[in-house]
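Inside the fold
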There are 2 protein chains.
Amino acid sequence: MAKYSNFQLYDIVTGGDEEELLNLNEVTLQGWVKTNRDNGSIGFVEFNDGTYFKNIQLVYNKDSEDYEVLSKLKTGSAITVTGKVVFTPENKQPFEISANKCVLEGDVEDDYPLQKKRHSFEFLRDIAHIRPRANTFQAIFRVRNALSFAIHEFFQQRGFIYVHTPLITTNDGEGAGNVFDVTTHDTKDPYSFYNHKVNLTVTGQLHVEPFALSFKDVYTFGPAFRAEHSNTVRHASEFWMVEPEMAFCDLSDNMDVIEDCVKYCIEYVERACPEEMNFFNTMIDKTLLERLHHVLNSKFERMEYTKGIEILQKAVQNGHKFENNDIFWGMDLQSEHERYLTEEIVKGPLFLINYPKDIKAFYMRLNDDGKTVAACDLLVPAVGELVGGSQREERYELLKAKMEALGNDKELDWYLDTRRYGGCKHSGFGIGFDRLLMYVTGMQNIRDVQPYPRTFNSIKY
Amino acid sequence: MAKYSNFQLYDIVTGGDEEELLNLNEVTLQGWVKTNRDNGSIGFVEFNDGTYFKNIQLVYNKDSEDYEVLSKLKTGSAITVTGKVVFTPENKQPFEISANKCVLEGDVEDDYPLQKKRHSFEFLRDIAHIRPRANTFQAIFRVRNALSFAIHEFFQQRGFIYVHTPLITTNDGEGAGNVFDVTTHDTKDPYSFYNHKVNLTVTGQLHVEPFALSFKDVYTFGPAFRAEHSNTVRHASEFWMVEPEMAFCDLSDNMDVIEDCVKYCIEYVERACPEEMNFFNTMIDKTLLERLHHVLNSKFERMEYTKGIEILQKAVQNGHKFENNDIFWGMDLQSEHERYLTEEIVKGPLFLINYPKDIKAFYMRLNDDGKTVAACDLLVPAVGELVGGSQREERYELLKAKMEALGNDKELDWYLDTRRYGGCKHSGFGIGFDRLLMYVTGMQNIRDVQPYPRTFNSIKY
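Given the structure is predicted, the values throughout are model-derived calculations rather than measurements. (Residues numbered from 1 in each chain as written. Chains lettered and ligands numbered in written order. Predicted model: local features only at pLDDT ≥ 70, side-chain atom pairs only at ≥ 80, totals over all residues. Heavy atoms only, no water.)

1. Considerations on the pairing of strand 11 (residues 217-225) of chain B
All names here are of chain B. Extensive coverage of strand 11 is indicated by the burial of 9 of its 9 residues. Of the pairings in the sheet, the one linking strand 7 (residues 161-162) to strand 11 comprises 2 bridges and is parallel in character. When the bridges of strand 11 are listed, Ile161 appears paired with Val218. Relative to strand 12 (residues 238-247), strand 11 runs antiparallel, the two being bridged by 9 bridges. Each residue of the ladder has a partner; that of Pro223, found in strand 12, is Trp240. (Buried < 20%, exposed > 50% of the residue type's maximum accessible area, 1.4 Å probe, protein only. Helix = DSSP H or I, 4+ residues; strand = E, 2+ residues; numbered from the N terminus. Pairing = 2+ DSSP bridges.)

2. Quick word on the environment of A:Gly428
By secondary structure assignment, the location of A:Gly428 is in strand 17 (residues 426-432). Setting aside residues up to four positions removed in sequence, A:Gly428 forms contacts with A:Pro244, A:Glu245, A:Met246, A:Asn254, A:Gly389, A:Ser390 and A:Arg392. (Contact = heavy atoms within 4.5 Å.)

3. As for the environment of A:Leu29
Residue and element names in this part refer to chain A. In this structure, Leu29 sits in strand 2 (residues 27-38). Counting along the chain gives 304 residues from Leu29 to Leu333, while the straight-line C-alpha distance between them is 54 Å. Apart from residues no more than four positions distant in its own chain, Leu29 is found in contact with Tyr4, Asn6, Leu9, Phe47, Ile56, Ile79, Thr80, Val81 and Ile97.

4. Focus on the side chain of A:Asn445
Residues and elements named next belong to chain A. If you trace the backbone, Asn445 turns up in the segment after helix 14 (433-441). Among the residues examined, Asn445 registers a relative accessible area of 10% and is labelled buried. Separated by 2.9 Å, the side chain of Asn445 and the backbone nitrogen of Arg447 make a polar contact. Aside from chain neighbours lying at most four places away, what touches Asn445 is Arg125, Val233 and Met438. (Polar contact = N/O pair within 3.5 Å; in protein donor to acceptor, adjacent residues only side chain to side chain.)

5. Remarks on the sheet that holds strand 11 (residues 217-225) of chain A
Residues and elements named next belong to chain A. As summarised here, the arrangement of the 8 strands in space is 7-11-12-17-16-15-14-13, forming an open sheet in which the pairing is mixed. Here the strands that pair on one side only, and so sit at the sheet edges, are strand 7 (161-162) and strand 13 (301-304). As paired elements, strand 14 (residues 350-356) and strand 15 (residues 372-380) share 6 bridges and run antiparallel to each other. Note that in strand 15 the partner of Tyr355 across the bridge is Val373. Along the sheet face, helix 14 touches strand 11, strand 12 (238-247), strand 15, strand 16 (384-391) and strand 17 and points at about 60° away from the line of strand 17. (Axes fitted to C-alpha atoms, helices over the stretch in contact; angles between N-to-C directions.)

6. Quick word on the pairing of strand 5 (residues 78-87) of chain B
Residues and elements named next belong to chain B. With respect to burial, strand 5 is a largely interior element, 7 of its 10 residues being buried. Inspection of the sheet shows strand 2 (residues 27-38) paired to strand 5 by 6 bridges, in the antiparallel sense. Each bridged residue has a counterpart across the sheet, and for Gln30 the counterpart in strand 5 is Thr80. By the bridge criterion, 10 bridges tie strand 5 to strand 6 (residues 95-106) in an arrangement that is antiparallel. In the sheet register, Val85 faces strand 6, and the bridge partner there is Ile97.

7. Examining the packing of helix 7 (residues 251-272) of chain B against helix 9 (residues 288-296) of chain B
All names here are of chain B. The N-to-C vectors of helix 7 and helix 9 enclose an angle of 135°; their axes lie 9 Å apart at closest approach. Put simply, helix 7 runs oblique to helix 9. Taken as a pair, helix 7 and helix 9 cross one another with a handedness that is left-handed. Note on element contacts: helix 9 touches helix 7 through Leu289, Leu292, His293, Val295 and Leu296, opposite Val262, Lys263, Ile266, Glu267 and Glu270. (Parallel < 35°, antiparallel > 145°, perpendicular 65-115°, else oblique. Left-handed = near helix turned anticlockwise from the far one by under 90°.)

8. Remarks on the nonpolar core
In this structure, A:Phe155 and B:Phe155 are the most contacted members of the largest nonpolar core, which totals 222 residues. Not counting chain neighbours up to four residues away, the residues in contact with B:Phe155 comprise B:Phe160, B:Tyr219, B:Val242, B:Pro244, B:Val257, B:Cys261 and B:Phe429. Within the second largest apolar cluster, 26 residues are counted, among which are A:Leu167, A:Ile168, A:Ala227 and A:Ile459. (Core = buried A, V, L, I, M, F, W, Y, C linked by side-chain atoms within 4.5 Å.)

9. Some details on the sheet that holds strand 11 of chain B
Two modes of strand pairing occur in sheets, parallel and antiparallel, and in both the strands are linked by backbone hydrogen bonds. Residue and element names in this part refer to chain B. The strand order across the open sheet formed by 8 strands is 7-11-12-17-16-15-14-13, and the pairing between neighbours is mixed. With partners counted over all chains shown, the strands left at the sheet margins are strand 7 and strand 13 (301-304), one partner each. Contacting strand 7, strand 11, strand 12 and strand 17 (426-432), helix 6 (residues 205-215) crosses the sheet at an angle of about 30° to strand 12. Against the sheet, helix 10 (residues 305-317) touches strand 13 and strand 14 (350-356), its axis set at about 80° to strand 13.

10. With respect to the pattern of salt bridges
Evaluation of the coordinates by the stated rule reveals 45 salt bridges over all chains. One salt bridge in this structure joins B:Asp181 and B:Lys197, with 3.1 Å as the shortest N-O distance. Of the two residues, B:Asp181 is situated in strand 9 (residues 181-183) and B:Lys197 in the loop between strand 9 and strand 10 (199-200); the sequence distance between them amounts to 16 residues. Residue classification places B:Lys197 among the partly exposed residues on the basis of a relative accessible area of 37%. B:Glu259 is the partner of B:Lys299 in a salt bridge, and the nearest nitrogen-oxygen pair spans 3.3 Å. Remark: B:Glu259 occurs in helix 7 and B:Lys299 occurs in the loop between helix 9 and strand 13; sequence separation between them is 40 residues. B:Glu259 sits in the buried class, given a relative accessible area of 5%. Among the charged side chains, a salt-bridge network with shared partners connects A:Glu109, A:Asp111, B:Asp417 and B:Arg420. (Salt bridge = Lys/Arg side-chain N within 4 Å of Asp/Glu carboxyl O.)

11. Some thoughts on the relation of the copies chain B and chain A
The two copies are related by a screw operation: chain B maps onto chain A through 180° of rotation and 0.0 Å of translation along the axis, at an RMSD of 0.0 Å. On the angle and the small slide along the axis, the relation comes out as a two-fold axis. Closest to the rotation axis within chain B is the C-alpha of B:Val182, separated from it by 2.5 Å. A shared interface surface links the copies, since 100% of the contact residues of chain B are contact residues in chain A too. (Least-squares fit on C-alpha atoms with pLDDT ≥ 70 in both.)

12. With respect to the packing of aromatic side chains
If you walk through the whole model with that rule in mind, you get 75 aromatic pairs over all chains. Arranged with centres 5.9 Å apart and planes meeting at 85°, the rings of A:Phe121 and A:Phe137 form a pair that is edge-to-face. Placement of the pair is A:Phe121 in helix 4 (residues 121-125) and A:Phe137 in helix 5 (residues 135-157), with a sequence separation of 16 residues. Under the relative-accessibility criterion, A:Phe137 is labelled buried at 0%. Considering the side-chain rings of A:Phe137 and A:Phe141, the 6.1 Å spacing of their centres and the 35° angle between planes classify their relative orientation as tilted. Of this pair, A:Phe137 and A:Phe141 both sit in helix 5, separated by 4 residues, roughly a single helical turn. Accessibility assignment for this pair places A:Phe137 and A:Phe141 in one class, buried. Of note, A:Lys371 hangs over the ring of A:Trp329, and the distance from its end group to the ring centre comes to 5.2 Å. Residue placement shows B:Arg419 over the ring face of B:Tyr415; its charged tip is 4.5 Å from the ring centre. (Phe/Tyr/Trp six-rings, centres within 6.5 Å; stacked < 30°, edge-to-face > 60°. Lys NZ or Arg CZ within 6 Å of the ring centre and 35° of its normal.)

13. Comments concerning the confidence of the model for chain A
Low pLDDT marks regions whose predicted coordinates should not be analysed in detail. The predicted model of chain A has a mean per-residue pLDDT of 95, with 100% of residues at 70 or higher. Two numbers describe this predicted complex: its pTM, 0.97, and its ipTM, 0.97. (pLDDT = per-residue confidence, 0-100.)

14. Focus: helix 11 (residues 335-345) of chain B
If you check which residues of helix 11 of chain B are buried, you get B:His337, B:Glu338, B:Tyr340, B:Leu341 and B:Thr342. Next to the buried residues of helix 11 of chain B lie helix 10, strand 14, strand 15 (372-380) and strand 16 (384-391) of chain B.

15. Brief notes about helix 5 (residues 135-157) of chain B
All names here are of chain B. Across its 23 residues, helix 5 extends 33 Å between first and last C-alpha, which sits within 8% of the 33 Å expected from 1.5 Å per residue. In terms of residue burial, helix 5 counts as a mostly covered element, since 21 of its 23 residues are buried. Positive phi appears at Gly159, one or two residues downstream of helix 5, with a value of about 80°. (Expected span 1.5 Å × (residues − 1).)

16. Topic: the interface of chain B and chain A
Listed as interface residues are 100 residues of chain B and, on the opposing side, 100 residues of chain A. Interface area lost by chain B to chain A is led by B:His164, B:Phe193 and B:Tyr421, which between them contribute 10%. The interface formed by chain B and chain A contains 4 salt bridges. Here B:Asp111 makes a salt bridge to A:Arg420, at a shortest N to O gap of 3.2 Å. (Buried area = accessible area lost by both parts, 1.4 Å probe.)

Rendered as structure tokens:
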């Protein structure tokens, strides 16, 4: 009466190892009932234990020892079932279980919200503790797991050191404001715990740079926070970020790593989760796989921001209508502009590089033209910006002047220090992990790719 | 003029692939100067780029093209150096670089705090942005990286799904208080962002249980926070936790996984970081490797809490002196008691199981005796508690009564829901990742294993 998981049974049956197949005469499974229909003489349970995307069909009839239990199973109930594997090569599923014994481990009350019918994503968001059992979310969270491991494996294979940068910090990163404060119940001084005003981090980059200047290649992969009052499908107040940082690395080297990383992630996820990716391609976005394969087969192009502006201006002159047609050098591009460049012009992934210094962060390296900084944004069709990176300003005097103007030179004196003590050329980038997951699954709302999304005005759980 | 890292050069030289060796006639390295001594006719630079624990020796003399640059290099400076690999099989290091060209990429100002002499850990804590360059911290953070990946690999190989549980939450986990609040600058209502009082999580367990009841085997690996006013060497206010959770798993199965996991981590780290582990064994704790090997070769014993109390009482009767000699059933064991049991009695790793219900968390499963819960703490020599786990209370009525008494049944109604909707036997455990790292390295202070430690009254960076 050996126990098997969904994954193991599919693996053995499709692998076809004869010795293992012989053991399948009596197997025990533990998991949950998706559906149950009993038409009197024969009954069918769609069963899954969460270890594999495909269900297993349990078949029972009046001869089954626990017919009474089996025939009354409700959607969602937890069971231990024992039976015989019956091969059904002519059917969609290569095998089913002829169920004999069944123990009801956990029953389901009648108000169970996940019924057989199709539920809207909005409805499911309200039951974040139940929705991981729904097909779409089985797929999403299994791909989320695979994508996380892909990130780690990519950087580990290249010798990068994973650094846990702190989440409670005294600085606000790029100085954009919109931070969450971290306080305690001390009514006299909510910041008394650390004797210092502290907030949740918006980026691990400043903290990880000193590690790049010690270990050469490093990365963070952890949560970051923004208290932005925006209610869009792409903004969450808590999200996960990947932030690699590399010493002796310029903007061009940086883009090579970004390109390799994005391609590695796509390949990994397709290999690790083929059923899930087919599901997304069928149910969520019918162009998904085609789009991802196109990325895999493209050499990512590189274009100057200045050139991008010229192209956009020409498009407007030729009658193209953007929501915002006021295109000028120095502007921050909107998603529609980014998408025009990547979808209409290069028809594939595009690095836009060397942005005006005034629209980018203080730590980016000033180019020789005195007007632009060595930044690169990776733009991809259907989404726009996917990754942002830059070469960092390693020249002490230039960086100090910028930080003095911004007023963060005192608070970040340790960061400035790294430019006085054996600093060197270095670069890095940031990937919004949740947005990368949206990109590889085709999901349109960040609330549907996070286990328990935290967004403006909305928290539960 | 191909570029090589420290790691690559050691790998090629010790691997001895002839074709690759032939390429080493002219190599370029980029990294930092550890020391430089020039005795007039010949000079030696200890060089490292952070990719491998061992330094590389650069040798130069007046014939070197950039003798002027090389002879003036200061500790800490960043350089690009080109030279020839010279094999020195008779020396401690199997090769050195006969340096010819050298570019000073980043000079070092005279107040550089990391000089050749040995610095105290206390001193280094105050320069968290520089200490990753020191030998000990090169070793610590490389082992931290390896241990992190070991955790992921262990669970991924077993099919566990990695879940990013949220850090901002409305509950305080086990209800121990001591949480950090998350607020914004809204003077009318600091909680207006979410329209709800929120705090930083103390555990991901409650959030990950619904995923175990969907995917069977899952784990978290992320930050957790405690606003405890304790200034010990083992307490940090921000730390990383690993929290696996398994459906259809009882306390005994749970302990099997804990034992496998701890052994896997030790084996992985020794294999991935042999130089670093030898360093710790030589410089930090001369019994470290012996202790770790003993754990690898032990079958972890299991002992009832009640039995443990009897043994401790007998020890006191026989004249053993604890700081606290008042041993009684129902007490929370202190570290000295735990260490006595694991070091003196079983002389190896020990699971103490079935603790009095009043000293354990509300979600632990009540045993049939009505007095104890199905908890397990893994105790190890030299440290005491390393891992804590339990079987969870899956019975709705019992759990509800406990939570009503605690007053968290309304806030956590969704958690209770999981017991009404196909709940089942399940178990899990928690590993304080930083403490596990202290254990495998022999480091005594949690401040010395975290990149930027956050402890009571202390924050910088």
